[in-house]
Amino acid sequence: MDDNARTRAPHTSQEDFRALLRAQRVWDTGGDPLPAFDPATAPGDPLTLFHRWFTQAVAAHQPEPHTMTLATADERGHPDVRTLMLHDADDQGWHFASHATSRKGHHLAARPHAALGFYWPAQARAVRLRGTVRTAPPRDAAADLHARSTGALAAALVGRQSDLLGSPGELAEANRAAWERARHDPSAEAPTWTAYVLVPDEVEFFQGEEHRRHVRLRYRLDGGTWVRELLWP
């Protein structure tokens with residue numbers, strides 16, 4: 001048997017895949033009960049509740065609770081989605097960053113509207129946001145970049161996100177040079193690095209329930225005031 005045959009992954013049939021898919025559990029909390037959520041006790045604004053739920057997700061050992069999905073649309077209205085990190089959530093909005101020259105950067109320049117999604121299965125919770133995205137001042141992008149790790153700076157210095165890559169070797173060389181620069185010049189600038197802020201006009205909090213009586217609480221901005229509404233699960 002050749003080496004390729006030994007290392008080749010076994011073929012999974014469609015039937016096997018479906019059986020595997022249906023065998024997966026939802027909200028495996030390790031035997032702990034799902035948290036209760038009474039929407040009548042929810043605060044008047046979504047940011048306060050988001051901070052509370054995020055803190056509880058960390059306490060529940062949810063892996064990477066700051067990971068979120070970002071959905072955008074291009075100039076033709078065609079959607080796209082990707083995973084990235086939350087950088088902050090405050091009175092201004094929910095913050096993230098990327099290169100203005102990336103696909104998401106081009107989308108947001110053409111259509112400055114987006115949606116964010118957080119999923120915290122350790123507590124059967126999810127949070128969804130929709131709103132307008134604005135670009136933060138360049139000084140905010142620089143401060144964000146230089147407050148992070150050397151690796152994050154190196155990745156930003158490589159740039160060219162979403163461009164076609166000629167070969168893995170090309171990436172390895174660019175990465176090596178960027179790490180070297182980041183180590184020797186921690187204040188190095190990445191000109192296309194951009195800080196974005198999603199200003200929500202709608203935020204939904206989802207709490208799973210074992211009998212499928214899920215709780216969905218939506219905050220909707222109406223004339224500058226947050227209105228709270230329950231939704232059918």
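Structural data are supplied above this passage.
Residues numbered from 1 in each chain as written. Predicted model: local features only at pLDDT ≥ 70, side-chain atom pairs only at ≥ 80, totals over all residues. Heavy atoms only, no water.

A.B. asks: Which residues make up the overall build of the protein, and what are the values?
C.D. replies: Scanning the protein from terminus to terminus reveals 7 helices and 9 strands. Taken along the three principal axes of its C-alpha coordinates, the protein extends 60 × 55 × 40 Å. When burial is assessed residue by residue, the protein has 35% of its 233 residues classed as buried. The contacts in the protein between residues at least 6 apart in sequence include a share of 63% that link residues at least 24 apart. For the protein, the computed accessible surface area is about 14,500 Å², with 53% contributed by carbon and sulfur atoms. Computed over 27 positive and 30 negative side-chain charges, the separation of the two mean positions in the protein equals 3 Å. (Helix = DSSP H or I, 4+ residues; strand = E, 2+ residues; numbered from the N terminus. Buried < 20%, exposed > 50% of the residue type's maximum accessible area, 1.4 Å probe, protein only. Contact = heavy atoms within 4.5 Å. Areas by Shrake-Rupley, 256 points an atom, 1.4 Å probe, with all protein chains shown as cover. Lys, Arg positive; Asp, Glu negative; His and termini not counted. Charge placed at Lys NZ, Arg CZ, Asp CG, Glu CD.)

A.B. asks: Kindly report on the nonpolar core, identifying the contributing residues and their values.
C.D. replies: With 29 residues, the main nonpolar core has F50, W94, F96, F118 and V127 as its most contacted residues. The set of elements that each furnish at least two residues to this core consists of α3 (46-59), β1 (67-73), β4 (93-99), β5 (113-120), β6 (125-135), β7 (193-207) and β8 (215-222). No other element matches α3, which puts 5 residues into this core. Non-local contacts of W94, meaning those with residues more than four positions away in its chain, are made with L47, F50, L86, D88, A89, L116, F118, L129, Y196, V197, L198 and P200. (Core = buried A, V, L, I, M, F, W, Y, C linked by side-chain atoms within 4.5 Å.)

A.B. asks: I'd love a proper account of the pairing of strand β9 (residues 225-231), names of residues and values included.
C.D. replies: Where β8 lies against β9, 7 bridges are found, and the strand directions are antiparallel. Residue pairing in the sheet places R216 in a bridge with L231 of β9. If you look at the hairpin formed by β8 and β9, you'll find 2 residues sitting between the two strands, and G223 has a positive phi there, around 60°. (Pairing = 2+ DSSP bridges.)

A.B. asks: Give me the lowdown on the packing of aromatic side chains, citing residues and values where you can.
C.D. replies: Enumeration over the complete set of coordinates arrives at 12 aromatic pairs. Centroid distance F37 to W53: 5.2 Å. Interplanar angle 75°. Geometry classified as edge-to-face. Here F37, found in the loop between α2 (14-22) and α3, pairs with W53, found in helix α3; they are 16 residues apart in sequence, far enough to count as distant. Each member of the pair, F37 as well as W53, carries the same accessibility label: buried. Aromatic side chains F54 and W120 sit 6.1 Å apart centroid to centroid with 70° between the ring planes, which places their arrangement in the edge-to-face category. Of this pair, F54 sits in helix α3 while W120 sits in strand β5, and the two are 66 residues apart along the sequence. (Phe/Tyr/Trp six-rings, centres within 6.5 Å; stacked < 30°, edge-to-face > 60°.)

A.B. asks: Talk me through the pattern of salt bridges; I want residue IDs and the actual numbers.
C.D. replies: Here the structure, examined in full by the defined rule, presents 9 salt bridges. Across the pair E173 and R176 runs a salt bridge whose closest N-O atoms are separated by 2.8 Å. In this pair, E173 and R176 are both assigned in helix α7 (residues 168-184), 3 residues apart and thus about one turn of the helix distant. A relative accessible area of 44% places E173 in the partly exposed class. By relative accessible area, R176 is classed as partly exposed at 47%. Taking the shortest distance from any N to any O, the salt bridge between R216 and E204 comes out at 2.7 Å. Pair noted here: R216 is in strand β8 and E204 is in strand β7, with a separation of 12 residues, a long-range link. Assigned by exposure class, R216 and E204 land together as buried. Via salt bridges that share partners, D80, R82 and R103 belong to a single interconnected network. (Salt bridge = Lys/Arg side-chain N within 4 Å of Asp/Glu carboxyl O.)

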